[in-house]
Amino acid sequence: MKIDVFLTAEEAKRKAIHDSNIVVIDVLRATSVMITAIAHGVSKIYPYESIEEVREASPASSFSILCGERKGLDIDGFDYGNSPLEYQNDTIQGAEMFMTTTNGTRALRNIHGKNNRIWIASFLNLSSMSTFLAAEKKDCIVLCAGTENQFSLDDALCAGMLIQKLQNYEKSDIALALEILAKNSENIDESLHTAKHYRYLKSIGLEKDLEYCCTPDQYSLLLEYDPNTNSIHSISS
Ligand code: MLT
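Definitions and limits used
Once a new chain begins, its residue numbering starts again from 1 and follows that chain's sequence as written. Reporting of local features is limited, given that this is a predicted model, to residues whose pLDDT is at least 70; pairs of side-chain atoms are given and counted only at 80 or more, and all residues count toward the totals for whole chains, interfaces and linings. Only hydrogens and water are set aside; all other atoms, that is, all heavy atoms of the structure, feed into the side-chain values. Note on classification: 1.4 Å probe, protein chains only; a residue is buried when its accessible area is under 20% of the maximum for its type, exposed when over 50%, partly exposed between these limits. Counting from the N terminus, the helices are DSSP H or I runs at least four residues long and the strands are E runs at least two residues long. Residue contacts are defined here by distance: any two heavy atoms, one from each residue, within 4.5 Å place the two residues in contact. Here, a salt bridge means any Lys or Arg side-chain nitrogen found within 4 Å of an Asp or Glu carboxyl oxygen.

*Asks:* Just checking my understanding: could you explain helix H5 (residues 126–134) for this structure?
*Replies:* For an α-helix the count is 3.6 residues per turn, leaving residues at separations of three or four pointing the same way. Of the positions making up H5, those classed as buried are Leu126, Ser128, Met129, Ser130, Phe132 and Leu133. Contacts made by the buried residues of H5 are with strand E2 (20–25), strand E6 (117–121), strand E7 (139–144) and helix H6 (153–164).

*Asks:* Help me understand unusual backbone geometry, please; the structure alone is not making it clear to me.
*Replies:* As a rule of thumb, non-glycine residues mostly have phi less than zero, and peptide bonds are mostly trans rather than cis. Cis geometry marks the peptide bond from leucine 28 to arginine 29; its omega dihedral reads 5°. Here arginine 29 is to be found in the loop between E2 and helix H2 (30–39). Even without being glycine, glutamate 148 reaches a positive phi, approximately 45°. Mapped onto the elements of the fold, glutamate 148 is located in the loop between E7 and H6. Positive phi, close to 45°, is recorded for asparagine 230, a residue that is not glycine.

*Asks:* Got a minute to help me understand the pattern of salt bridges in this structure?
*Replies:* Side chains bearing opposite charge may pair, as long as their charged atoms lie close to each other. Tallying each qualifying case throughout the model produces seven salt bridges. Between glutamate 224 and arginine 117 there is a salt bridge, and its shortest N-O distance comes to 2.7 Å. Here arginine 117 lies in strand E6 and glutamate 224 lies in strand E9 (residues 223–226), a separation of 107 residues in the sequence. Given a relative accessible area of 11%, glutamate 224 falls into the buried group. A relative accessible area of 33% means that arginine 117 is categorised as partly exposed. In this structure, lysine 171 engages glutamate 179 in a salt bridge whose closest nitrogen and oxygen atoms are separated by 3.1 Å. On the basis of relative accessibility, which here comes to 7%, the residue glutamate 179 falls in the buried class. Among the ionic contacts, a cluster of salt bridges with common partners joins Lys171, Glu179 and Lys183.

Here it is in structure tokens:
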């Protein structure tokens, strides 16, 4: 059983994956938002690449909410942005989210291949994800969304912390490198504070999002993405 890592959303477009668990990570902030929203009562999330697709796919109903960001900022006419803190309220109970973000939703939509199960992870559900994977008998690909087709340290550190918890896999060199990164990182926030996307989100006033997204194991939750229905739902709580 092997574990390997893709470092950008683009890599998933170029390489087909078969017979594997695929773990998609976009710590800042798409997968952190998804986990938070479902933990607070959203029933399903439909991820899209473009703003237009979200507008076309979402039915005009009080149960559907339009969500996402461009350049980390709210999208005109959408109900919610991409701050996980926005999703911690009762008004989203039972809602269906139609979501587009720059990297995270694109990473999901780029996945192709046969007989895979696709999971959503971030620091927020790290232990639930690793406990599940440790009991699995399939190969695993950790797909870091990255930032605009570039390596992103926040996703890589989260991937490394996940890999560090998995002793029963044969690890690729990238997986081993990220494990070493995780072993040498005593404090998540300190390790990431000079990273590009972290600094960008800080510069637009999102310090509270950063603190929240970098606090591990706030939820015991497994989220699965079904590419046939293009929807994300919880399989445990
Ligand atoms: C993304 O998916 O690109 C990110 O969530 C961007 C952001 O931090 O809002």
